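Observations on the three-dimensional arrangement
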Amino acid sequence: MTINNKDSSRPAKPKFSELLSQPEVKARWDKVRKYFFLRESTYDMSNRCNIRCDGCYYFEGDKQFAREIGDVEAWRRLMQAEKARGITYVVLAGAEPSLVPELLNVCYQEMPLGSIATNGFKKIPESVGYKIHISVWGNDETSLRIRKAKNLLKKQVENYKNDPRAVFVYTFTRENIDEVNDVAEELVAQGCKITFNVFSSPVGYTGHLRHDDESLQQTKQMMIALLNKYPQNILFSVYNAVAHTHKKGLHDLYSCSYPRQNPSQDIGLGRSFRQYRTDLNWDRSVACCVPDTDCSDCRHYAAGSAVVTARFYRHANNLASFKSWLDYVDTYLAVWVMGYEKGKNLCTEPIKPPPPAVK
Ligand code: SF4
């Protein structure tokens, strides 16, 4: 999720000043560039969850077996050490952070910028001023079937309606594309903010939630239709829809910058990113924001927020690409940073994700 304006591809053809000649483009560039200081790492907070979802990447691989360290002072020391090595933004996830509110509080005291990924079943205290991403996987019938959770959406809305921290993250699977209509209508009626995610299979997962070419196309059309229908509530852009529903996954399209796929430790995420487990250890060889996800199927919103934003240079080849990239970054900041307000999208036409420049 770190914004990094260094890209291995060559600088753009048009002069940068030409790309900024339209006032609204210049204003958006000036707005987003203030956040280029963000440097993220992610942290598993507990090895327990109060629900169990099909296709959950936390309960894949070794990390689920890491010992849970609930010592508040150990977490405080970790946050202080992270700050000292240049981390400015924390993502608190796996398995369910709301089960350890005392740890969330200490993280927030030490590191004031960040977000929490939660299923929304248990409300996170208001003293924790991070963005809160509430995962929605369909309507209540679907949630009962694949998450074994009764009345989940109702509970999520009760907990987070009118909460400026909250963004509801609707994950499109192969099976729930049409359901989003009713879910979005209900969330919009309650004044909630929504963004979109695309189910990305854990390693080895071949189940019925995995997307195919047809479901990706349908998902893209649905995302754009809802974005047009509810522009005030849906934090997204046409380019987000394009990037996350392409036949190719994010790594094939943009070359993932997380350590797990990026051997370079010279600059950017390859150098700074760590994914801590609940025992406060980390392992570079598996470090990314969605560990144990199958890279060839990775279209995850959290991954894109780093991988696409980092590819500034290749999007500076023409105005439509640059505007699309600005929309993407503007969306990412509105979803992930408290107090950042989403602007009107600059590009409403789909573009093709630009390839790296030829050297
Ligand atoms: S799962 Fe996604 S974010 Fe993680 S290394 Fe693979 S492509 Fe990158």
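Residues numbered from 1 in each chain as written. Predicted model: local features only at pLDDT ≥ 70, side-chain atom pairs only at ≥ 80, totals over all residues. Heavy atoms only, no water.

1. Some points on the pattern of salt bridges
Across all of its chains, the model carries 20 salt bridges by this definition. The salt bridge partner of Arg28 is Asp327, with a shortest N-O separation of 3.9 Å. Taken together, the residues Arg28 in helix H2 (residues 23–33) and Asp327 in helix H13 (residues 319–336) connect sequence positions 299 residues apart. For Asp327, a relative accessible area of 0% puts it in the buried group. (Salt bridge = Lys/Arg side-chain N within 4 Å of Asp/Glu carboxyl O. Helix = DSSP H or I, 4+ residues; strand = E, 2+ residues; numbered from the N terminus. Buried < 20%, exposed > 50% of the residue type's maximum accessible area, 1.4 Å probe, protein only.)

2. Some details on the nonpolar core
Within the largest apolar cluster, 102 residues are counted, with the highest numbers of intra-cluster contacts made by Tyr43, Trp75 and Phe196. Of the residues forming this core, the biggest block, ten residues, is contributed by H13. Excluding its chain neighbours within four sequence positions, the residues that come into contact with Phe196 are Tyr170, Phe172, Val180, Met223, Leu226, Ile234, Phe236 and Tyr301. Formed by five residues, the second largest nonpolar core is a distinct cluster that contains Trp137, Ile146, Phe199 and Leu209. (Core = buried A, V, L, I, M, F, W, Y, C linked by side-chain atoms within 4.5 Å. Contact = heavy atoms within 4.5 Å.)

3. Digging into the layout of surface pockets
Quantified by volume, the largest pocket comes out at close to 650 Å³. Along its surface, the largest pocket is lined by 30 residues, and Lys193, Pro231, Gln232, Leu235 and Lys342 are the ones closest to its centre. Mapped onto the lining of the largest pocket, the elements with two or more residues apiece are strand E5 (166–172) and helix H8 (213–229). Here the element with the most residues in the lining of the largest pocket is E5; it accounts for three residues. (1 Å grid on protein atoms, 1.4 Å probe; cavity = no way out; pocket = protein on both sides within 12 Å on 5 of 7 lines; lining within 4 Å. Points joined across faces, edges and corners; volume = space filled by probe spheres on them.)

4. Here we look at the pairing of E5
Judged by how many residues are buried, E5 sits mostly within the fold: seven of seven residues are covered. Neither face of E5 is exposed, since Ala166, Phe168, Tyr170 and Phe172 on one face and Val167, Val169 and Thr171 on the opposite face are all buried. Pairing between strand E4 (residues 131–136) and E5: five bridges, direction parallel. Counted as the bridge partner of Val136 is Tyr170 from E5. Crossover E5 to strand E6 (residues 194–198) through helix H7 (residues 180–189) is right-handed. (Pairing = 2+ DSSP bridges. Right-handed = clockwise from strand over helix to strand, strands pointing away.)

5. Thoughts on empty space enclosed by the protein
For the structure shown, the criterion picks out four cavities of 30 Å³ or more. In this model, the largest cavity occupies a volume close to 660 Å³. As for the largest cavity, its lining consists of 41 residues, of which Tyr57, Ala117, Ser135, Trp137 and His300 are closest to the centre. When residues of the lining of the largest cavity are traced back to their parent elements, those giving at least two are strand E1 (40–44), strand E2 (89–93), strand E3 (114–118), E4, E5, E6 and helix H12 (301–307). If you tally residues by element for the lining of the largest cavity, the top one is E3, at four residues. When the residues that make up the lining of the largest cavity are grouped by side-chain class, the tally is 23 nonpolar, 14 polar and four charged. Size it by volume and the second largest cavity reaches roughly 130 Å³. If you go around the second largest cavity, you meet 14 residues; those closest to its centre are Cys256, Cys288, Cys295, Cys298 and Ala303. For the lining of the second largest cavity, the secondary structure elements donating two or more residues are helix H10 (250–254) and H12. Taken together, the residues of the lining of the second largest cavity sort by class into ten nonpolar, three polar and one charged. (Nonpolar A, V, L, I, M, F, W, Y, C, P; charged D, E, K, R; others polar.)

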